[in-house]
Amino acid sequence: MNNKYQILPFRFVRFNDSEYLLTNDVGEYIFLTNDDFEKFINKDLDTSSTIFQDIASKQIATTDNVNDVVKMLATKFRTKKSILRDFTCLHMVVPTLRCNSSCIYCQVARKNIDDHEADMTKKTAKNVVKTIFQSPSPYIKIEFQGGDPSTYFEMVKFIIEEAEWQNLFKKRELGFVICTNVTLLTPGMVKYLKKHKCEISTSLDGPKELHNINRPLQDTIHTHEKFEENIRMIRKICGDNSVSALMTTSKYSLGHFKEIIDEYVRMGYNNIFLRALNPYGFAKQYKEKIAYPIEDFINNYIEGLDYIIDLNKNGTFFIEGYAALLLKRILTPFATGFVDLQSPAGVGIAGAIYDWDGNVYVADEGRMLARFNDFYFKLGNVNEDSYQSMFNGEKLHNIIKNACTECLPMCSECVYNPYCGADPVRNYSEQGDMVGHRPTSDMCKKNTAIIHHLFELLKKHDPEINRIFWSWIN
Amino acid sequence: MDTITFPITLIDKNKLLVKIDLRIYAKESVNAACYKFTNKFFVNQQISSESESVINVIFESKNEENISEETIKSFCNELIDQQVRYNTNLQFGHIRDLIVEEAFKPVNQ
Ligand code: SF4
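Residues numbered from 1 in each chain as written. Chains lettered and ligands numbered in written order. Predicted model: local features only at pLDDT ≥ 70, side-chain atom pairs only at ≥ 80, totals over all residues. Heavy atoms only, no water.

J.: Kindly report on the interface of chain B and chain A, identifying the contributing residues and their values.
T.: Contacts between the two partners involve 23 residues from chain B, matched on the other side by 31 residues from chain A. Around 2400 Å² of area is buried between chain B and chain A when both sides are counted, 65% of it from carbon and sulfur atoms. In terms of surface lost to chain A, no three residues of chain B exceed B:Tyr35, B:Arg96 and B:Ile99, which account for 24% of the buried area on that side. Across the chain B-chain A interface, the total number found is four salt bridges. Across the salt bridge formed by A:Arg14 and B:Asp81, the nearest N and O atoms sit 2.9 Å from each other. At the surface where chain B touches chain A, the tally comes to nine residue pairs in polar contact (both at pLDDT 80 or more). When residues of the side of chain B that touches chain A are traced back to their parent elements, those giving at least two are helix 1 (27-36) and helix 2 (69-103) of chain B. The biggest single contributor to the side of chain B that touches chain A is helix 2 of chain B, with 17 residues. (Contact = heavy atoms within 4.5 Å. Buried area = accessible area lost by both parts, 1.4 Å probe. Salt bridge = Lys/Arg side-chain N within 4 Å of Asp/Glu carboxyl O. Polar contact = N/O pair within 3.5 Å; in protein donor to acceptor, adjacent residues only side chain to side chain. Helix = DSSP H or I, 4+ residues; strand = E, 2+ residues; numbered from the N terminus.)

Here is the structure:
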């Protein structure tokens, strides 16, 4: 028996009573029986055996020259981390805090529709755009958030046109997104957005009763009707796939994922992103009213995902976005940037948010913390600070140093590390520091459970499920 | 609990002591295994006064609940897993460093 081999970097977990799951930094994975795992780590596997060949094909062990394998793995690792190359490309801008909704989970100190106290000034807007274009990224996406940006459409237009003007010289790949409840959009506004290639992103929390509980408009009880009417109007002007939608799970959504998914199908969507609430900005009493244990979300998510798989099996093409993102990381060598789940975390280096007063935060959640006078994640202000001091300053360096799963306690050894990400803002606000404490982290619990479930599905080797998964990531 | 008697001592209904032999497990492995249980327990580690090569780990349940046998078994398995990580990392830790160094090497070098 020839058993001379070099074990290459890998992580592992006891996946179930009889098997181990092994992964490596570039996202390759393999299941080994307990017996094979023991033989493998004790270097007792025969290198001519099929099982060793499988392990070697995943680059978890090798009989070749280690330097050559290092070069190959380094190339794959570089590809996986290539999202870092472009630096900040998502720039979220808050033209105003005014809003005509009263969403039950809103964490913004929103203003009434006629209260102009928190409207961005033209001077600030110009400085925001100037700062954005100092980013070295060849791609610039400006995403309008709020409040509801449609309540201050003049400022949205001002920023779009200012950015287009700057881009005549800067020549970046420039795109816009407006995140809105769509109810205030008029055909004229929609035509403007279409002309300026501004995508429209909205929120749909489920069927009428649920949507109206989660996201009531202030001036009518017919929120969902108004929403649906305007979606139809936008689609008529911009086309069938012109409005993407996001859902948020409130306490009232639990137990209703099937109906929520059905509503997305009914409304003509072919995807959903089943998203848990991040209630970290709430006062305790309020949190108790709308939040729920993460285990409840996990159970609902898994039921929802299984229901979506059944829909696909029955001929309806429909994607669950979070699973699709994770599957792309598990099944392909490609890089997938996702600001909320990457390592290093996307805070500041992939996305940043510019508040109405010119304050720049590394993430929207950093802006929420500022509501409670905690400015830890404020990088500066566009009216006072230079791009260099904000985006290459000690603060952002320090945040990023604490935002790599490769070196965070427990993450560094976690088998799901190559597919997961860090969230220093969430750790800070929920657990008191940016490093966080994985044994009690809800985010960790959620990701562990969901990734584990996906691996269980992959392990079934069910050709139909595999076909569905590949159709989601292609 | 009575099926595992040594090296585990029940100090109180929600508190127990596990003696770990440092000739078998590295301190790093013990620490990493303990860390994973800090969601449910207050964990205290001390070198035994009887022997330098024994570490006493005291688990105290955070919610006053009795500590189940299942938990202790999981801890023992976790210790083994952590030691495997420690041992394998000694074999390939330097290779991981080389991969990262190579991946982020400036292209003009
Ligand atoms: S957050 Fe949890 S699941 Fe994700 S890498 Fe860290 S330990 Fe693993």
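The rest of the description comes next.
J.: For the packing of helix 11 (residues 294-313) of chain A against helix 17 (residues 442-459) of chain A, give the residues involved together with the corresponding values.
T.: Residues and elements named next belong to chain A. Where helix 11 contacts helix 17, the two axes come as close as 10 Å, and the packing angle between them is 30°. By the angle between their directions, the pair helix 11 and helix 17 is classed as roughly parallel. Note on packing geometry: the crossing formed by helix 11 with helix 17 is right-handed. Each of Ile294, Glu295, Phe297, Ile298, Tyr301, Ile302, Leu305, Asp306 and Ile309 in helix 11 lies in contact with helix 17, whose residues at this interface are Asp442, Lys445, Lys446, Ala449, Ile450, His453, Leu454 and Leu457. For the contact of helix 11 with helix 17, the class distribution of residues is eleven nonpolar, one polar and five charged. (Axes fitted to C-alpha atoms, helices over the stretch in contact; angles between N-to-C directions. Parallel < 35°, antiparallel > 145°, perpendicular 65-115°, else oblique. Left-handed = near helix turned anticlockwise from the far one by under 90°. Nonpolar A, V, L, I, M, F, W, Y, C, P; charged D, E, K, R; others polar.)

J.: Quick one: what's the story with the packing of aromatic side chains, residue by residue and with numbers?
T.: A full pass over the atoms with the stated rule returns 31 aromatic pairs over all chains. Where A:Tyr264 meets A:Tyr269, the ring centres are 5.5 Å apart and the plane angle is 50°; that geometry is what we call tilted. Of the residues examined, A:Tyr264 reaches a relative accessible area of 0% and is grouped as buried. Taken together, a centroid distance of 5.1 Å and an interplanar angle of 85° make the contact between A:Phe377 and A:Tyr428 edge-to-face. Of this pair, A:Phe377 sits in the loop between helix 13 (364-371) and strand 15 (378-381) while A:Tyr428 is found in helix 16 (residues 424-431), placing the two residues 51 residues apart along the sequence. Looking at A:Phe377, the relative accessible area reads 1%, which means it is buried. Through a chain of ring-to-ring contacts, the aromatic side chains of A:Tyr5, A:Phe10, A:Phe12, A:Tyr20, A:Phe37, A:Phe40, A:Phe52 and B:Phe92 assemble into a single cluster. Over the ring of A:Tyr376 we find A:Lys395; its NZ or CZ atom is 5.9 Å from the centre of that ring. (Phe/Tyr/Trp six-rings, centres within 6.5 Å; stacked < 30°, edge-to-face > 60°. Buried < 20%, exposed > 50% of the residue type's maximum accessible area, 1.4 Å probe, protein only. Lys NZ or Arg CZ within 6 Å of the ring centre and 35° of its normal.)

J.: Please give an account of empty space enclosed by the protein that cites residues and values.
T.: Empty space left among the atoms is revealed by rolling a probe the size of a water molecule over them. Under the criterion given, the structure shown has three cavities of 30 Å³ or more. Roughly 200 Å³ of internal volume is contained in the largest cavity. If you go around the largest cavity, you meet 17 residues; those closest to its centre are A:Lys80, A:Lys81, A:Ser343, A:Pro418 and A:Cys420. Taken together, the residues that form the lining of the largest cavity break down as seven nonpolar, four polar and six charged. Considering only enclosed or pocket space, the second largest cavity measures out at about 80 Å³ in volume. In terms of lining, the second largest cavity is formed by A:Pro9, A:Asn24, A:Asp25, A:Val26, A:Gln59, A:Leu73, A:Phe77, B:Arg96, B:Ile99 and B:Val100. Mapped onto the lining of the second largest cavity, the elements with two or more residues apiece are helix 3 (66-80) of chain A together with helix 2 of chain B. Considering every element that reaches the lining of the second largest cavity, the biggest residue donor is helix 2 of chain B, with three residues. Taken together, the residues that form the lining of the second largest cavity break down as six nonpolar, two polar and two charged. (1 Å grid on protein atoms, 1.4 Å probe; cavity = no way out; pocket = protein on both sides within 12 Å on 5 of 7 lines; lining within 4 Å. Points joined across faces, edges and corners; volume = space filled by probe spheres on them.)

J.: Give a detailed account of the nonpolar core, specifying residues and quantitative values.
T.: It is characteristic of soluble globular proteins that their nonpolar side chains tend to be buried jointly. Residue and element names in this part refer to chain A. The biggest cluster of nonpolar side chains holds 119 residues, and the ones touching the most others in it are Phe455 and Trp472. For this core, the element with the highest residue contribution is helix 11, accounting for nine residues. Contact partners of Phe455, with chain neighbours within four places excluded, come to Phe15, Leu21, Tyr29, Phe31, Ile330, Tyr416 and Tyr419. Counting 28 residues, the second largest nonpolar core, distinct from the first, contains Val26, Ile30, Leu32 and Val70. (Core = buried A, V, L, I, M, F, W, Y, C linked by side-chain atoms within 4.5 Å.)

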